[in-house]
Amino acid sequence: TWELQNELADQRRARRIGDRLLLLEHFPVYTNGRGGSDANLLATPERLREIGAELVRIDRGGDITFHGPGQLVAYPIVELHDPLDLRRYVRVLEEAIIATAERFGVTSARLPGHPGIWVGGERKLAAIGVRVRRGVTTHGLALNVNTDLRWFDEMIPCGIPDKGVTSLSRELGRRVQMDEVEDELARNLAGNLGLRITDGSSAMIGPGGGREQ
């Protein structure tokens, strides 16, 4: 997916495609951003093999986080009108998450000094980590929908030791339909970015944009 993002970003910079949004669930993986500390991963290499996960250091901002089944990950590949206004772009992502959670009956908010979106100021619902290169974004956000929260026991989420993690299903006490969350998040992201959603293929996009989504 990282390679796919970079391919799409190159195509976007060359004006070969328009803006794109990838929505997906990952296989279990811990990712650490440019400023992250490996000490925040508690699991040993042996433990990672035991639980069937891996660790990847990537080029986004932020510290360590987890991606896996039941978690909706969104990677907007968009050209920013003002490439230097990264804070505004992050606010757009935050607002889309907050609106999406509210649609399903979960009240969430920003927490000053702590990246991501939080419930009750104590439980992290979504993580955000982005990169902007030559005016085009990669990486994005991860929203816990039906995630098995035990995965987070293997790390210090985002390097914050005194806070917890939650999901929409944990807060609501029931399983949430992933496709409904996908649709709502896509609508909110598009609206906040001043874009519109168009129908596309569910297939992966190949090199050179052979099959677009």
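For the structure, see preceding data.
Below is a short write-up of the structure. Bear in mind the structure is a predicted one, so any value in this text is a computation, not a measurement.

### With respect to unusual backbone geometry
Here the phi dihedral of R15 falls at roughly 60°; this positive angle occurs in a residue that is not glycine. By secondary structure assignment, the location of R15 is in the loop between α1 (2-13) and β1 (20-24). A positive phi angle, near 50°, is found at R134, a position not held by glycine. For R134, the position within the fold is in the loop between β8 (123-133) and β9 (136-144). Residue class for R134 comes out exposed when judged on its relative accessible area of 61%.

### Concerning the sheet that holds strand β3 (residues 54-57)
The strand order across the open sheet built from 3 strands is β3-β2-β4, with neighbouring strands paired in mixed fashion. Sheet topology places β3 and β4 (65-67) at the edges, where each strand pairs with a single neighbour. Each strand of the sheet is rotated relative to its neighbour by a mean of 30°, with strand direction disregarded. Inspection of the sheet shows strand β2 (residues 29-32) paired to β4 by 3 bridges, in the antiparallel sense. If you follow T31 over to β4, its bridge partner there is T65.

### Some remarks on empty space enclosed by the protein
Over the atoms a probe the size of a water molecule is rolled, and this reveals where empty space is left. Under the counting rule described, the total for this entry stands at 1 cavity of 30 Å³ or more. If you add up the space inside the largest cavity, you get close to 80 Å³. Where the lining of the largest cavity is concerned, the elements lending two or more residues are β4, β8 and β9. For the lining of the largest cavity, the element with the most residues is β8, which contributes 3 residues. When grouped by side-chain class, the residues that make up the lining of the largest cavity number 9 nonpolar, 3 polar and 1 charged.

How each quantity is defined
Residues numbered from 1 in each chain as written. Predicted model: local features only at pLDDT ≥ 70, side-chain atom pairs only at ≥ 80, totals over all residues. Heavy atoms only, no water. Helix = DSSP H or I, 4+ residues; strand = E, 2+ residues; numbered from the N terminus. Buried < 20%, exposed > 50% of the residue type's maximum accessible area, 1.4 Å probe, protein only. Pairing = 2+ DSSP bridges. Axes fitted to C-alpha atoms, helices over the stretch in contact; angles between N-to-C directions. 1 Å grid on protein atoms, 1.4 Å probe; cavity = no way out; pocket = protein on both sides within 12 Å on 5 of 7 lines; lining within 4 Å. Points joined across faces, edges and corners; volume = space filled by probe spheres on them. Nonpolar A, V, L, I, M, F, W, Y, C, P; charged D, E, K, R; others polar.

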